[in-house]
Structures are given as structure tokens and as C-alpha cells.
Amino acid sequence: MKPCIICHMMASLDGRIDCGMTEKIGSSEPYYETLAELQCPSMLEGRVTLQMHYALPGRYERTGEAAAAGPRVHRAVQAEGYAVGVDTRGELLWGYETQKQFGKPLVMILSEDVGEDYLAYLEARGISYITAGKGRIDLAAAMDILWREFGVRRLALVGGGHLNGSMLDLGLIDEVSMVFGAGIDGRAGMAAAFDGRPEGSDPVALKFVSAEVRDGQVWMRCRV
């Protein structure tokens, strides 16, 4: 089983998602208004987004042995919704007030290659975690654990383009919700809403659901 996963992004007309750029082409209010209307108590973000906006400066330096093999689950607290993050190697640094910071408990998804010391580091800060996958995160297994162990039924995917692309290729996304600002980025190398898919991947056809204008921006929803 897995939650119903809705990818919700704000982008320029050419699909770029750099936050500094999107702030210049429209208010962020329509994005957050429409996010609330999706009724997803839990949200998933990637490592780059977490490092940029939430984590402490620096990088965790591993000092202990690798964690025991196999998936691990630690639920520090039961809640109706969670801030869920992805950090493959366990590198992000956190303080002791993450629940106040996010407005909900934090759950980190890690690979099984993280050190035992990093798991203890998270536990000491009241941070829940899931380990799934060797070498890379098994996102499908992690979504199943979110459903079974944390009771997550609806999840908004608000991370970066590479995480979105990976989730799309695995068939984990149920709906794409895009807020388009009236502007164009066009800069070489800037991330798109869906990025990093292998060369030769087929386009993914979507089923149009609705579109409406919010404060000069277009909110479009499609089923995968």
C-alpha cells in the first residue's frame, strides 16, 4: 500500500522551479492556498530543499559503524500529519526544535547505508526515521512504511525535480498539481519540475482534470 501522492509545484511557463525566480513572477499565496485545498496533512521534500530552507549549516560526519542490515523504522511520535524528508546518506544536521520548525513532526527517509551513530543522532532530537534500500533509497518501500507505520494516507510531494522524476518513474505519483506563474526562466541548467529521468525515457501521459486562474496564475491539475 502507499499514500495518495500529489506532486504540487510552482513553476514558470517553461517549467522551471527555482524559488528565487518564481517569487519574481508572482505571489506565493496562490501556491499555498491551492496546497491547502489538496488536503494533504503530510508533505515530502528532498535533501536539497531541506538543506536550503530547514537544516543547520554543515554536514554530518559519520563516526560509527553501518546500521544493521534491513529496513528500520523509528516513530518518535504519532501525529495526523508529518514533514517527510529524504536524505540518502544521512548528512543533514538538525536542531532540537524540528517539530516547532516544521509545524509537525519530522520523519527522515534514509538508505540502509547510514551509520548507527546517525540514527542515534536523529533519535536524540526526537526525529522519526525510515531506512529502506541499499545504495539508494527504495522509495516504494518507504511509501509503504509511511502508510503502514505512520498512517499517512495523503501526501503532497513538494520537493525538487529529481525526486519528482524518480517518484514519477516508479509509478508512485497519483496526481500532478502545477501553479504556473506568468513568466519565463530559460536559464541553462536550472531545475525543472520533473528532472533527471534517464535518457530515452518515454513521456508520461496525464489525464487533464481542471484549470483555474488564481491571482494571475494558472492552477492546473492532472491525474497520472
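Heads up: these notes are all about the structure in this document. Keep in mind the model is a prediction, meaning the values are calculated, not measured.

## Examining the nonpolar core
Formed by 32 residues in total, the largest nonpolar core has its most connected members in Leu-44, Ile-109, Met-143, Leu-146 and Met-167. Only strand E1 (4-11), strand E4 (83-86), strand E5 (106-110), helix H6 (139-150), strand E7 (154-157), helix H7 (161-169) and strand E8 (175-180) provide two or more residues apiece to this core. A total of 6 residues in this core trace back to one element, the largest contributor, which is H6. Other than its neighbours up to four places away in sequence, Met-167 contacts Ile-5, Leu-44, Leu-139, Met-143, Leu-157, Leu-172 and Ile-173. One finds Leu-92, Trp-94, Met-108 and Leu-122 within the second-largest nonpolar core, a separate group that totals 19 residues.

## Considerations on the sheet that holds strand E10 (residues 217-223)
The strands that make up a sheet pair up through hydrogen bonds in the backbone, lying either parallel or antiparallel. Ordered by their spatial adjacency, 10 strands build an open sheet running E3-E6-E5-E4-E2-E7-E1-E8-E10-E9, and the pairing between neighbours is mixed. The sheet terminates laterally at strand E3 (72-74) and strand E9 (207-214), the two strands that pair on one side only. Averaged over all pairs of adjacent strands, the angle between their axes in this sheet comes to 20°, without regard to strand direction. Where E9 and E10 come together, 7 bridges link them in antiparallel fashion. Bridge assignment links Arg-214 to a residue of E10, and that residue is Gln-217. Helix H2 (residues 29-37) rests against E1, strand E2 (42-45), E7, E8, E9 and E10 of the sheet, and its axis sits at about 170° to E1.

## Focus: the environment of Gly-135
Structurally, Gly-135 is set in the loop between strand E6 (128-131) and H6. Exposure remark for Gly-135: the relative accessible area of 61% places this residue in the exposed category. Separated by 26 residues in sequence, Gly-135 and Gly-161 have C-alpha atoms that sit 20 Å apart. Not counting the four nearest positions on each side in its chain, Gly-135 is found in contact with Thr-88 and Asp-113.

## Quick notes on the side chain of Ser-42
Residue placement: Ser-42 occurs in strand E2. The exposure class assigned to Ser-42 is buried, which follows from its relative accessible area of 2%. Contact partners of Ser-42, with chain neighbours within four places excluded, come to Gly-81, Tyr-82, Val-152, Arg-154, Leu-155 and Ala-156.

## A word on the layout of surface pockets
Rolling a probe over the atoms, with the probe sized like a water molecule, indicates the empty space that remains. Here the largest pocket is characterised by a volume of approximately 1,500 Å³. In this structure, the largest pocket is lined by 48 residues; those nearest its centre are Gly-46, Thr-49, Val-158, Gly-159 and Gly-160. Within the residue set of the lining of the largest pocket, elements represented by two or more residues are E1, helix H1 (19-25), H2, E2, helix H3 (47-53), E4 and H7. Looking at the lining of the largest pocket element by element, the count peaks at 6 residues for H7. The residue inventory of the lining of the largest pocket, partitioned by class, reads 22 nonpolar, 14 polar and 12 charged.

## Looking at the pattern of salt bridges
Scanning the entire structure with this criterion turns up 16 salt bridges. Of the charged contacts in the structure, one is a salt bridge between Glu-37 and Arg-214, with a shortest N-O distance of 2.9 Å. Placement of the pair is Glu-37 in helix H2 and Arg-214 in strand E9, with a sequence separation of 177 residues. In this structure Glu-37 comes out as partly exposed when scored by relative accessible area, which is 42%. Classification of Arg-214 by relative accessible area gives buried; the value is 17%.

Rules used throughout
- Residues numbered from 1 in each chain as written.
- Predicted model: local features only at pLDDT ≥ 70, side-chain atom pairs only at ≥ 80, totals over all residues.
- Heavy atoms only, no water.
- Core = buried A, V, L, I, M, F, W, Y, C linked by side-chain atoms within 4.5 Å.
- Buried < 20%, exposed > 50% of the residue type's maximum accessible area, 1.4 Å probe, protein only.
- Helix = DSSP H or I, 4+ residues; strand = E, 2+ residues; numbered from the N terminus.
- Contact = heavy atoms within 4.5 Å.
- Pairing = 2+ DSSP bridges.
- Axes fitted to C-alpha atoms, helices over the stretch in contact; angles between N-to-C directions.
- 1 Å grid on protein atoms, 1.4 Å probe; cavity = no way out; pocket = protein on both sides within 12 Å on 5 of 7 lines; lining within 4 Å.
- Points joined across faces, edges and corners; volume = space filled by probe spheres on them.
- Nonpolar A, V, L, I, M, F, W, Y, C, P; charged D, E, K, R; others polar.
- Salt bridge = Lys/Arg side-chain N within 4 Å of Asp/Glu carboxyl O.

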